[in-house]
Amino acid sequence: MLFRSKAVFDGSYAQCFAHKTARERVEAIALLVGHMALTGLVFAQNGLPVLFLPISSLLLMSFRLGRPGTMAGVIVIALIGAAAAYQGTGPTAVVQSGTLFGPIFFQLYLAVLLATALPVAATVSSRAEALTRIAEREEALHLILSHSPDGILSFDNEGICRWADGRLEDYLGLRPETLRGWSLGDIALRTSPAMLKIHDAVFPDDGPSQTVEFVPLLRPRKTLEASIGNLNREGHHIGTIITLRDVTERKAKEVSISRLAETDDLTGALNRRGFRAEIRAALEDASRPLSLALVDIDHFKAINDSYGHMIGDDVIQAIAARLKAGVRDMDA
């Protein structure tokens, strides 16, 4: 009883009670009062051997209040049981085996209570601490993702989104909390048809991480890169993580660099490399007709010789501009 009563005087119960919310305090008081009432009724009579009833309320307190509730419940039983034994009432008075048997039996009863309720209280406390740590980590992760350039989607083995966070609203036009519970196919249909490629790519047994670029339907001015990775445990696929990142600026630079590499810097028309790429693509597309025009500038050498190469460049630019004005946007 010493270590249990010590918690009363050192403020442990007061601190535990102070850290609870108003609702939790009401619940704790109600459980304690109910336990006291049930224990008082059991030990107020000596006609029925119902010592098992306080165990039920004690286990309930252990589940709901943890170790402090267990200790408080045992203290209540010990005090009420001791008072009843002193007055010669209670279920222990039914046993008529000498004056020493009653106190010994009551001590064994308390020992059984502790042996029954303390493991439950320890399990409940461990679970509560684990849930608290998980909540703290989720809060920290949410804070990190809210200031990071990424959006993250987590899917289970059946392709259902169980967790979403980060800049998903900026990237997809959909709030993270609305995506939870959606299948990967549903998200793909609401973001981009290109995301459907992810639906077929994220479930290989041991495939490497993959990357897909797409333009979201609700954010057409953005280009996103989706990095896809599988979660495996002991060789079994248990889920998928998709990380989204805005690569709009990088993609624009790549397009600009590619355009410069395939474009003549004087006229803006295709150079040899650009022409070869364009003609190769046109020859591979059998669904459309193909025309090729060969244009030559008459007496161009005379222009350069008479007026200089700067004027010659102006002539080339003017001719290229007139050719561009006479063709369609789809033409080169």
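See the structure shown above.
Throughout what follows, the structure given in this document is the object of discussion.

**Focus: the environment of Ser291**
1) Next: Looking at where Ser291 falls in the secondary structure, it is placed in the loop between α11 (272-284) and α12 (300-307).
2) Next: When the C-alpha atoms of Ser291 and Asp331 are compared, they prove to be 9.8 Å apart, with 40 residues separating the residues in sequence.

**Thoughts on the pattern of salt bridges**
1) Next: Enumeration according to the criterion identifies 15 salt bridges in this entry.
2) Next: The salt bridge partner of Glu177 is Arg175, with a shortest N-O separation of 2.6 Å.
3) Next: Among the residues examined, Glu177 registers a relative accessible area of 40% and is labelled partly exposed.
4) Next: Between Lys301 and Asp305 there is a salt bridge, and its shortest N-O distance comes to 2.8 Å. You can see Lys301 and its partner Asp305 sitting in helix α12, four residues apart, about one turn around the helix. Residue Lys301 shares its accessibility class with Asp305, and that shared class is exposed.

**A word on the pairing of strand β5 (residues 236-246)**
1) Next: When strand β1 (residues 150-156) meets β5, the two strands line up antiparallel, connected through seven bridges. What sits directly across from Leu153, in β5, is Ile242.
2) Next: Summarising the sheet, strand β4 (residues 224-233) and β5 pair through ten bridges and their orientation is antiparallel. Bridge assignment links Arg233 to a residue of β5, and that residue is His236.
3) Next: The loop that links β4 with its antiparallel partner β5 comprises two residues; one of these, Glu234, has a positive phi angle of about 55°.

**Observations regarding the layout of surface pockets**
1) Next: Taken as a whole, the largest pocket holds about 1,600 Å³ of empty space.
2) Next: In this structure, the largest pocket is lined by 35 residues; those nearest its centre are Leu270, Phe275, Ala293, Asp331 and Ala332.
3) Next: Mapped by element, the contributors of at least two residues to the lining of the largest pocket are α11 and α13 (309-325).
4) Next: Per-element accounting of the lining of the largest pocket gives the leading share, six residues, to α11.
5) Next: Of the residues that constitute the lining of the largest pocket, the class distribution is 20 nonpolar, six polar and nine charged.
6) Next: What lines the second largest pocket is a set of 16 residues, among which Lys20, Arg64, Leu65, Val124 and Ala128 lie closest to the centre.
7) Next: Elements with a minimum of two residues in the lining of the second largest pocket: α3 (22-43), α4 (53-87) and α5 (101-146).
8) Next: Taken together, the residues that form the lining of the second largest pocket break down as seven nonpolar, two polar and seven charged.

**Observations concerning the packing of α3 against α4**
1) Next: Contact pair α3 / α4: the axes reach a minimum separation of 9 Å and the direction vectors enclose 35°. The two elements α3 and α4 cross, and the hand of that crossing is right-handed.

**Observations regarding the nonpolar core**
1) Next: If you look at the biggest cluster of nonpolar residues, it comprises 20 residues, and the most contacted ones within it are Leu153, Leu172, Leu179, Ile242 and Leu244.
2) Next: For this core, the elements supplying multiple residues, two or more each, are β1, β2 (161-166), α6 (168-172), α8 (184-191), β3 (210-214), β4 and β5.
3) Next: Discounting chain neighbours no more than four positions away, the residues touching Leu179 are Leu153, Cys161, Ala164, Leu168, Leu172, Leu174 and Ile187.
4) Next: Counting residues in hydrophobic clusters, the runner-up holds 16 residues, among them Val42, Val50, Leu51 and Ala117.

**Observations regarding α3**
1) Next: Under the 1.5 Å per step criterion, the end-to-end length of α3 is 32 Å for 22 residues, consistent within 8% with the ideal 32 Å.
2) Next: Ala28, Leu31, His35, Thr39, Val42 and Phe43 are the residues of α3 that are buried. Down the axis of α3, the sector holding all buried residues measures 85°, keeping them to one side. Projecting away from the buried face of α3 at angles above 90 degrees are the exposed residues Ala22, Arg23, Val26 and Leu41.

**Brief notes about unusual backbone geometry**
1) Next: Positive phi outside glycine occurs at His299, with the angle close to 55°.
2) Next: Tracing the sequence through the fold places His299 in the loop between α11 and α12.

The rules behind the values
Residues numbered from 1 in each chain as written. Predicted model: local features only at pLDDT ≥ 70, side-chain atom pairs only at ≥ 80, totals over all residues. Heavy atoms only, no water. Helix = DSSP H or I, 4+ residues; strand = E, 2+ residues; numbered from the N terminus. Salt bridge = Lys/Arg side-chain N within 4 Å of Asp/Glu carboxyl O. Buried < 20%, exposed > 50% of the residue type's maximum accessible area, 1.4 Å probe, protein only. Pairing = 2+ DSSP bridges. 1 Å grid on protein atoms, 1.4 Å probe; cavity = no way out; pocket = protein on both sides within 12 Å on 5 of 7 lines; lining within 4 Å. Points joined across faces, edges and corners; volume = space filled by probe spheres on them. Nonpolar A, V, L, I, M, F, W, Y, C, P; charged D, E, K, R; others polar. Axes fitted to C-alpha atoms, helices over the stretch in contact; angles between N-to-C directions. Left-handed = near helix turned anticlockwise from the far one by under 90°. Core = buried A, V, L, I, M, F, W, Y, C linked by side-chain atoms within 4.5 Å. Contact = heavy atoms within 4.5 Å. Expected span 1.5 Å × (residues − 1). Arc of directions from axis to C-beta.

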